[in-house]
Amino acid sequence: MRTATNTGESAPPGVAEGKRRWTGALSGVLSAGLTFGVGQLVAGIVSPSAAPLVVVGDAVVDRVPAWLKDTAIRAFGTHDKVVLLATITVVVVLLAALAGVLARRRLAVGVGIVGLLGVVSVLAAATRPDATTLSPLPSVLGAAAGAYALTVLTRRLAGPGVTGRAGGPPRRAVLLGGTAVVAAASGGAGQLLVTTRSAEISRDAVVLPAPADPAPVLPAGIDPSDAIASGLTTYATKSADFYRIDTALVVPDLRAEDWSLTVHGLVDRELTLTFDQLLAMPLRERWITLTCVSNEVGGDYVGTARWLGYPLADLLGALRVQSGADMLYATSTDGFTLSAPLAEVTDGRDAMLVVGMNGQPLPREHGFPVRMVVPGLYGYVSACKWVTDIEVTRFTEKTAYWTDRGWAEKGPIKTASRIDVPRSFDKVRAGRVPIAGVAWAQHRGISAVEVRVDEGEWERARVLPSASADTWCQWVYDWDATEKGSHTVQVRATDGTGAPQTDVVAAPAPDGASGYDSITVTVQ
Ligand SMILES: Nc1nc2c(c(=O)[nH]1)N[C@H]1C(S)=C(S)[C@@H](COP(=O)(O)O)O[C@H]1N2
Ligand SMILES: [Mo]
């Protein structure tokens with residue numbers, strides 16, 4: 001009797017209650033879906049980087065403790081962003097389901113949770129470094145749509161009689177399905193708007209000038225075909241294969257026509273440069289190897305490309321740097337900052353404001369339209385992507401993003417060598433076994449590479465030519481593998497100044513990993 005009154009039909013109370021709880025959870029999740037769908041649509045119109053999921057993700061990236069960030073980069077590598085977005089999505093879905101269930105008891109509680117998500121998103125949007133007055137709008141309208149949807153769904157589906165004739169399955173399906181369709185459609189439309197107004201179109205329209213000072217033709221002897229066939233890294237890294245490391249959750253959407261760079265601070269004359277003005281300057285093209293400070297011994301956060309740009313030293317020379325300045329504080333459009341030592345930038349090396357990579361405009365993930373590249377310094381203190389502001393200042397005045405998170409203030413690249421073939425734990429046939437890899441000590445160059453087996457004598461490997469001291473080189477060593485069984489192979493390099501690579505084992509933090517790369521192989 002009482003059960004019948006409560007549920008409005010004859011299903012056992014537990015079943016009906018369970019079903020309604022699921023309906024509540026689904027209402028909550030779909031309302032959250034609508035929040036993000038509408039948010040994405042408004043972001044598509046207002047600003048792609050202001051989409052709720054993006055701003056919340058960016059805020060999390062900037063606030064997670066340094067150790068967690070380092071661990072994530074180590075564990076997930078370049079997939080760390082996907083993992084983060086998936087985690088945030090799971091948390092939101094769970095919260096939204098909870099909001100939907102609670103809303104059935106007290107609507108205000110459920111709507112309150114949606115509102116709270118909205119507030120978090122608005123705060124995240126408003127505090128982004130590239131925030132405008134319109135940035136909170138996607139979050140505000142998205143949260144409003146979500147709260148409205150949850151109210152309607154809860155009122156129509158959670159009350160008594162919901163599973164009866166008036167509110168039975170057809171109406172539930174229409175309401176829930178309709179919400180899902182609107183959420184997906186607005187999200188999809190927003191995504192379409194984002195892609196059509198994106199920097200990709202701007203990039204397609206860029207025509208790079210021929211370099212006034214072209215890169216040298218690569219010397220013969222690079223990329224020996226047998227070693228490449230067995231897995232040696234190619235000397236030149238394809239842009240699509242180039243490692244990507246940055247704090248940006250979505251690639252900044254910066255059009256070349258909207259880009260400008262301001263150079264200011266301790267200079268006699270300040271400068272604001274547009275993209276067209278930069279392209280009109282005499283450009284230089286160089287092979288340069290980039291390395292990330294997070295690269296582990298034997299790791300692959302390193303790559304070589306042909307970079308086209310304008311020398312930073314020439315730019316700064318024209319502005320006349322004042323005495324006392326020792327640092328360039330570069331800021332990216334998304335608020336990332338780095339501090340590059342002025343001494344290295346102006347000592348004659350090819351430190352550049354870069355517009356081209358491997359003969360193409362910079363790929364968006366690698367800094368379109370303009371980034372910095374300084375040979376010899378780890379990326380976090382030199383290679384600012386999407387750079388829009390450079391302040392000439394002092395290390396005593398300012399600290400940059402990674403320095404604030406415990407990494408070294410200055411980051412010269414440590415001499416390193418890596419074994420590419422054979423792979424560790426490979427089984428090889430007794431006889432002549434080619435061992436090959438790469439070695440780098442940017443701007444000092446590599447003068448020698450040595451290999452040793454089972455901690456025996458160090459033997460000279462053949463160092464292949466390279467374009468300059470600013471790039472890595474490949475090396476090959478022919479090992480006469482006679483003794484069957486398991487062996488360890490180690491490598492070490494000597495830089496162009498004659499300094500040997502250190503054997504001291506160090507983790508990437510705070511100033512780069514060190515120690516010898518080593519593999520274990522079984523001779524059969
Ligand atoms: N704007 C911006 N620039 C940045 C970073 C970043 O997080 N944001 N990361 C730096 C780091 S740590 C490295 S190693 C290089 C990597 O450049 P790539 O992604 O083109 O390989 O970019 C540097 N420039
Ligand atoms: Mo890096």
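Please read all numbers here as calculations on a predicted model, not as lab measurements. (Residues numbered from 1 in each chain as written. Chains lettered and ligands numbered in written order. Predicted model: local features only at pLDDT ≥ 70, side-chain atom pairs only at ≥ 80, totals over all residues. Heavy atoms only, no water.)

Before going further, it helps to examine the pairing of strand 13 (residues 431–440). For strand 13, a buried count of seven out of 10 residues is recorded, marking the element as mostly surrounded by other parts of the structure. In the sheet, strand 11 (residues 416–421) pairs with strand 13 via five bridges, with the strands oriented antiparallel. Of the residues in strand 13, the one forming a bridge with Ser417 is Ala439. Pairing geometry for strand 13 and strand 17 (residues 473–481), over nine bridges, is antiparallel. From the neighbouring strand, Ala439 faces strand 17, where its bridge partner is Cys473. (Buried < 20%, exposed > 50% of the residue type's maximum accessible area, 1.4 Å probe, protein only. Helix = DSSP H or I, 4+ residues; strand = E, 2+ residues; numbered from the N terminus. Pairing = 2+ DSSP bridges.)

Right, let's get into the site of ligand 1. Around ligand 1 lies a shell of 17 residues, among which Tyr243, Thr247, His366, Arg371 and Lys385 are the nearest. Tyr243 has a polar backbone atom sitting 2.7 Å from an oxygen atom of ligand 1. One nitrogen or oxygen atom from the main chain of Ala383 is found 3.0 Å from a nitrogen atom belonging to ligand 1. In the complex, 99% of the free accessible area of ligand 1, which totals 530 Å², lies under the protein chains. (Near = heavy atom within 4 Å. Polar contact = N/O pair within 3.5 Å; in protein donor to acceptor, adjacent residues only side chain to side chain. Areas by Shrake-Rupley, 256 points an atom, 1.4 Å probe, with all protein chains shown as cover.)

So, on to the environment of Gly299. You can see Gly299 is positioned in the loop between strand 3 (284–291) and strand 4 (302–311). Relative accessible area serves as the criterion here: at 15%, Gly299 is assigned to the buried category. Taking C-alpha positions, Gly299 is 7.8 Å from Arg418, a pair spaced 119 residues apart along the chain.

Looking now at the domain arrangement of the protein chain. When the domains of the protein chain are assigned, the result is domain 1 (13–197), domain 2 (225–405) and domain 3 (416–523). Relative to domain 2, the C-alpha centre of domain 1 lies at a distance of 37 Å. Each side of the interface is counted separately: domain 1 has 20 residues, and domain 2 has 18 residues. Here domain 1 and domain 2 share an interface that buries about 1600 Å² over both sides, 60% of which is from carbon and sulfur atoms. Contact with domain 2 buries surface across domain 1, with Ile73, Thr78 and Lys81 losing the most and accounting together for 31% of the total. Counting across the interface, domain 1 meets domain 2 through zero salt bridges. Summed over the shared surface of domain 1 and domain 2, the result is three residue pairs in polar contact (both at pLDDT 80 or more). (Domains from an automatic or database assignment. Contact = heavy atoms within 4.5 Å. Buried area = accessible area lost by both parts, 1.4 Å probe. Salt bridge = Lys/Arg side-chain N within 4 Å of Asp/Glu carboxyl O.)

Each aromatic ring pair is specified by the distance between its two centres and by the angle formed by the two planes. Applying the stated criterion to the full structure yields 12 aromatic pairs. Here the aromatic rings of Phe336 and Tyr401 are separated by 5.4 Å at their centres, their planes lie at 45°, and the arrangement is tilted. Residue Phe336 is located in the loop between strand 5 (327–332) and strand 6 (337–341), and its partner Tyr401 is located in the loop between strand 10 (387–393) and strand 11; the two are separated by 65 residues in the primary sequence. Pair check on accessibility: Phe336 and Tyr401 agree, each one buried. Ring centres 5.3 Å apart and planes at 80° place the aromatic pair Trp458 and Tyr516 in the edge-to-face group. Of this pair, Trp458 sits in the loop between strand 14 (446–453) and strand 15 (459–460) while Tyr516 sits in the loop between strand 18 (485–495) and strand 19 (517–523), and the two are 58 residues apart along the sequence. Take Trp458 and Tyr516: they sit in the same class, and that class is buried. Over the aromatic face of Tyr401 sits the side chain of Arg405, whose NZ or CZ is 3.7 Å from the ring centroid. Sitting above the plane of the Phe395 ring, Lys410 keeps its charged end 4.8 Å from the centroid. (Phe/Tyr/Trp six-rings, centres within 6.5 Å; stacked < 30°, edge-to-face > 60°. Lys NZ or Arg CZ within 6 Å of the ring centre and 35° of its normal.)

Among the structural elements, Arg492 can be located in strand 18. Separated by 87 residues in sequence, Arg492 and Arg405 place their C-alpha atoms 31 Å apart. Here Arg492 is in contact with Ser417, Ala448, Val449, Glu450, Trp458, Gln501 and Tyr516, once residues within four sequence places are set aside. Within the structure, Arg492 has its side chain in polar contact with the side chain of Glu450 (distance 2.8 Å).

Attention now goes to unusual backbone geometry. With an omega of 5°, the peptide bond running from Phe368 to Pro369 counts as cis. Structurally, Pro369 is set in the loop between strand 8 (360–361) and strand 9 (371–373). With omega at -5°, the peptide bond leading from Val421 into Pro422 counts as cis. Along the polypeptide, Pro422 turns up in the loop between strand 11 and strand 12 (427–428). Although it is not a glycine, His443 adopts a positive phi angle of roughly 75°.

A contiguous nonpolar patch, built from Val91, Leu95, Leu98, Leu102 and Val109 and spanning about 350 Å² of accessible area, is present on the exposed surface. Looking at the nonpolar patch element by element, the count peaks at four residues for helix 5 (residues 80–105). Mapped onto the elements, Leu95 comes out in helix 5. Residue Leu95 is classed as partly exposed on the basis of its relative accessible area, which comes to 33%. (Patch = residues over 30% accessible without salt bridge, like charges linked within 9 Å, V, L, I, M, F, W, Y side chains within 5 Å.)

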